[in-house]
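# Per-entry structural report
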Amino acid sequence: MKTFGQILARWFALAGLLFTLAGCATGQSAKLVNHSFGFDGWKDGWQKSAQLLEYSYGDKDVSVRRKAPEGDFLGYQSDVTGPMPVGEFLSVRWRMKATGDVVEQRVDLRGKLPANMANHTVTFVIDERQLYVFVVTPQEIPRGVERGAVKTWRGKYNLAYEVYPTLSAYPGAR
């Protein structure tokens, strides 16, 4: 038979555990933003010259990551949408079809993305040995408005900003 002190001690331990878990969950959810990470080598045209080997987008805990098995390559399309931390980096590794050379670029996204990433998309385009990174906004381009050439197909329909390799950041970047 348990004493009142033992029951009370267990209750406080359980309450402490629940408060700790609630605090962790609240802290984590405060960092999550509903946005997308995706790419489309078919629509952007880089599937003709490159084979994607690996990519990762995220913060220190990496939200989205995929690596091809040795000797193979990944597909040319992917899209992940939902609550996730805004990425601090994007790393992409690909093989040039013409030469077999493997190229890898890691982009520091800190200071290049908007302060509010809600409903935005981070995407990339491979152009030979160069990686281009874009932020695509949810703002549609009005009909009849001419938008300058943007390397990603997503820029045809929505306002898109090149955040790498250009030195210019997204307006209002954090």
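First things first, this report covers the structure right here in the doc. (Residues numbered from 1 in each chain as written. Predicted model: local features only at pLDDT ≥ 70, side-chain atom pairs only at ≥ 80, totals over all residues. Heavy atoms only, no water.)

## Considering the sheet that holds strand β6 (residues 102-108)
Our working definition: Any two strands between which DSSP finds at least two bridges are classified as paired. Each helix is a run of H or I in the DSSP string that is no shorter than four residues. Each strand is a run of E no shorter than two, and both are numbered from the N terminus. Axis definition: a line fitted to C-alpha atoms, over the contacting stretch in the case of helices. Angles run 0 to 180 degrees between N-to-C directions.
Taken in spatial order, the four strands of this open sheet run β3-β2-β5-β6, and their pairing is antiparallel. The sheet terminates laterally at β3 (64-67) and β6, the two strands that pair on one side only. Recorded for the sheet is a direction-independent mean angle of 15° between the axes of neighbouring strands.

## With respect to the nonpolar core
The test is simple: We call a set of buried Ala, Val, Leu, Ile, Met, Phe, Trp, Tyr and Cys residues a nonpolar core when their side-chain atoms join them within 4.5 Å. Type-normalised accessible area, obtained with a 1.4 Å probe on protein chains alone, sets the label of each residue: buried when under 20%, exposed when over 50%, and partly exposed for intermediate values.
Residues F37, W46, L52, Y57, V92, F124 and I126 are the most contacted members of the largest nonpolar core, which totals 32 residues. The leading source of residues in this core is strand β8 (residues 130-140), at five residues.

## Brief notes about the pattern of salt bridges
Heads up, the condition is: Whenever Lys or Arg places a side-chain nitrogen within 4 Å of a carboxyl oxygen from Asp or Glu, that contact is recorded as a salt bridge.
This model, assessed by the stated rule, comprises five salt bridges. Its salt-bridge partner being R93, residue E54 comes within 3.2 Å of it at the nearest N-O pair. Of this pair, E54 sits in strand β2 (residues 50-58) while R93 sits in strand β5 (residues 89-96), and the two are 39 residues apart along the sequence. What makes E54 partly exposed here is its relative accessible area of 23%. Its salt-bridge partner being D101, residue R129 comes within 2.4 Å of it at the nearest N-O pair. On the criterion of sequence distance, the pair formed by R129 in the loop between β7 (121-127) and β8 and D101 in the loop between β5 and β6 is long-range, its members being 28 residues apart. The class of R129 is partly exposed, set by a relative accessible area of 45%.

## Some details on the packing of aromatic side chains
To keep things clear, this is the line we draw: Two rings from Phe, Tyr or Trp (for Trp, the six-membered ring) form a pair when their centres sit within 6.5 Å of each other. Planes less than 30 degrees apart are called stacked, planes more than 60 degrees apart edge-to-face, and all others tilted.
Under the counting rule described, the total for this entry stands at 12 aromatic pairs. When the ring of F37 is compared with that of F39, the centres are 6.2 Å apart and the planes differ by 65°; the resulting orientation is edge-to-face. For F37, a relative accessible area of 0% puts it in the buried group. Among the residues examined, F39 registers a relative accessible area of 2% and is labelled buried. On the basis of an interplanar angle of 5° and a centroid distance of 5.1 Å, the ring pair of F37 and Y57 is categorised as stacked. Within this pair, whereas F37 is found in strand β1 (residues 32-40), its partner Y57 is found in strand β2, the two being separated by 20 residues in sequence. A single burial state applies to F37 and to Y57, both of which are buried. An aromatic cluster of at least three residues, connected via ring pairs, comprises F37, F39, W42, W46, Y55, Y57, F73, Y76 and F124.

## A closer look at unusual backbone geometry
With an omega of 10°, the peptide bond between Y164 and P165 qualifies as cis. Mapping P165 onto the fold places it in the segment after β9 (158-164).

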